[in-house]
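# An overview of the molecular structure
So you can see what is in the structure, the chains are spelled out below.
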Amino acid sequence: MADFTAAQAAVVRIERAEEGRWDLSVISDAGVRMGHGEYLFDAADDDPAGEQAAALDFVRGYGFRFEPDAVVADGPDAYWAPLLPIDER
């Protein structure tokens, strides 16, 4: 696990790295990548619901969550969403 506080973690970024792989990153409020993971999938599973589910699972490992309706497109194959502490509702 990365060594950072909830105040430092700002967003999760979901970006297609290549066919069949999305890169997932926890980005700090200063723009520093503080955690990284990959989501590997079959072409049949390449949909927004699968991407968001993988990203939610990834950030839960760091103690965070995001609201699916807060996901913002950042180009054709990249998305980001602001992070919230997992216990904040």
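Below is a summary of the structure that appears in this document. (Residues numbered from 1 in each chain as written. Predicted model: local features only at pLDDT ≥ 70, side-chain atom pairs only at ≥ 80, totals over all residues. Heavy atoms only, no water.)

What follows deals with the pattern of salt bridges. In total, this model carries seven salt bridges according to the counting rule given. Between Arg13 and Asp74 there is a salt bridge, and its shortest N-O distance comes to 2.6 Å. One end of the pair, Arg13, is in strand β1 (residues 9-18); the other, Asp74, is in the loop between β5 (72-73) and β6 (78-82), and 61 residues separate them in sequence. Using a relative accessible area of 38% as the deciding quantity, one classes Asp74 as partly exposed. (Salt bridge = Lys/Arg side-chain N within 4 Å of Asp/Glu carboxyl O. Helix = DSSP H or I, 4+ residues; strand = E, 2+ residues; numbered from the N terminus. Buried < 20%, exposed > 50% of the residue type's maximum accessible area, 1.4 Å probe, protein only.)

Take the pairing of β6 next. Pairing of β5 with β6, which is carried by two bridges, proceeds in the antiparallel orientation. What sits directly across from Val72, in β6, is Trp80. Between the antiparallel neighbours β5 and β6 lie four residues, among them Gly75 with a positive phi of about 105°. (Pairing = 2+ DSSP bridges.)

In the sheet, strand β2 (residues 21-28) pairs with strand β3 (residues 33-40) via seven bridges, with the strands oriented antiparallel. If you follow Trp22 over to β3, its bridge partner there is Tyr39. Where β2 folds back on β3, the antiparallel hairpin that results is connected by four residues, among which Gly31 adopts a positive phi of roughly 90°.

The next thing to look at is the side chain of Arg21. Mapped onto the elements, Arg21 comes out in strand β2. Side chain to side chain, Arg21 and Asp23 meet in a polar contact 3.0 Å long. (Polar contact = N/O pair within 3.5 Å; in protein donor to acceptor, adjacent residues only side chain to side chain.)

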